[in-house]
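This is what each chain is made of:
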Amino acid sequence: MAIINHMMKKIDTDVTNLKQGLHPQNLSYWYDKIIKETIDMAPPWLQDKIKVHQDPVLPMKFNLDISKRAVRYFMIVVDNNLDDMPYSTKLYFLKVQEIMSTEMDKSLV
């Protein structure tokens, strides 16, 4: 019986952690951190072309307003921060990277 209680508590903790990783406040924190580090890494002439806006009505929706020339810096910063993110947040930003890569490939064709 003690094993079942321990397993149930572990599952509950895991599910709670996964849910917290996708809270809009958590995503907003990581976007702010990533954008700040991207601006610090980018050359001065690109720094004003890196922004993110959170939709006030749909808090899970973020509009990433970034120059094509600055995407490289954004990708590097996301890679540098992946290990520190909760699992579900990490999956979210991996998907963001995938979408950005696809969009960049489209613009090259």
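Here we summarise the structure given alongside this text. (Residues numbered from 1 in each chain as written. Predicted model: local features only at pLDDT ≥ 70, side-chain atom pairs only at ≥ 80, totals over all residues. Heavy atoms only, no water.)

## Description of the overall build of the protein chain
Right, so step 1: Along the protein chain, the regular secondary structure elements total 4 helices and 2 strands.
Right, so step 2: Listing every helix and strand of the protein chain by position from the N terminus yields α-α-β-β-α-α.
Right, so step 3: On C-alpha atoms alone, the protein chain measures out to a radius of gyration of 17 Å, which is more than a quarter above the 13 Å that the 2.2 N^0.38 rule sets for 109 residues.
Right, so step 4: For the protein chain, the spread of C-alpha atoms along the principal axes amounts to about 60 × 30 × 25 Å.
Right, so step 5: Within the span of the protein chain, comprising 109 residues, buried residues form 31% of the whole.
Right, so step 6: A sequence separation of at least 24 residues applies to 62% of the contacts in the protein chain between residues at least 6 apart.
Right, so step 7: Carbon together with sulfur atoms contributes 61% to the accessible area of the protein chain, which is approximately 7,500 Å² in total. (Helix = DSSP H or I, 4+ residues; strand = E, 2+ residues; numbered from the N terminus. Rg over C-alpha atoms; globule rule 2.2 N^0.38 Å. Buried < 20%, exposed > 50% of the residue type's maximum accessible area, 1.4 Å probe, protein only. Contact = heavy atoms within 4.5 Å. Areas by Shrake-Rupley, 256 points an atom, 1.4 Å probe, with all protein chains shown as cover.)

## Looking at helix α2 (residues 24-41)
Right, so step 1: The end-to-end C-alpha distance of α2 is 25 Å, a good match for the 26 Å that 18 residues give at a rise of 1.5 Å each.
Right, so step 2: Of all the residues in α2, the buried ones are P24, N26, L27, S28, W30, Y31, I34, I35 and T38. (Expected span 1.5 Å × (residues − 1).)

## Considering the side chain of S67
Right, so step 1: Relative to the helices and strands, S67 is located in the loop between β2 (62-66) and α3 (71-81).
Right, so step 2: Judged by relative accessible area, which is 13%, S67 ranks as buried.
Right, so step 3: In this view, S67 contacts L46 and K49; residues no more than four positions away in its chain are not counted.

## Remarks on a nonpolar patch on the surface
Right, so step 1: Together, I4, M8, I11 and V15 give the surface a local cluster of nonpolar side chains, amounting to about 380 Å² of exposed area.
Right, so step 2: Exposure remark for M8: the relative accessible area of 52% places this residue in the exposed category. (Patch = residues over 30% accessible without salt bridge, like charges linked within 9 Å, V, L, I, M, F, W, Y side chains within 5 Å. Salt bridge = Lys/Arg side-chain N within 4 Å of Asp/Glu carboxyl O.)

## Remarks on the nonpolar core
Right, so step 1: I34, I66, F74, F93 and M100 are the most contacted members of the largest nonpolar core, which has 23 residues in total.
Right, so step 2: Secondary-structure elements contributing two or more residues to this core are α2, β1 (50-54), β2, α3 and α4 (87-108).
Right, so step 3: The dominant element in this core, judged by the number of residues it contributes, is α3, at 6 residues.
Right, so step 4: In this structure, I66 is in contact with K49, I50, V71, F74 and M100, ignoring residues within four places of it in sequence. (Core = buried A, V, L, I, M, F, W, Y, C linked by side-chain atoms within 4.5 Å.)

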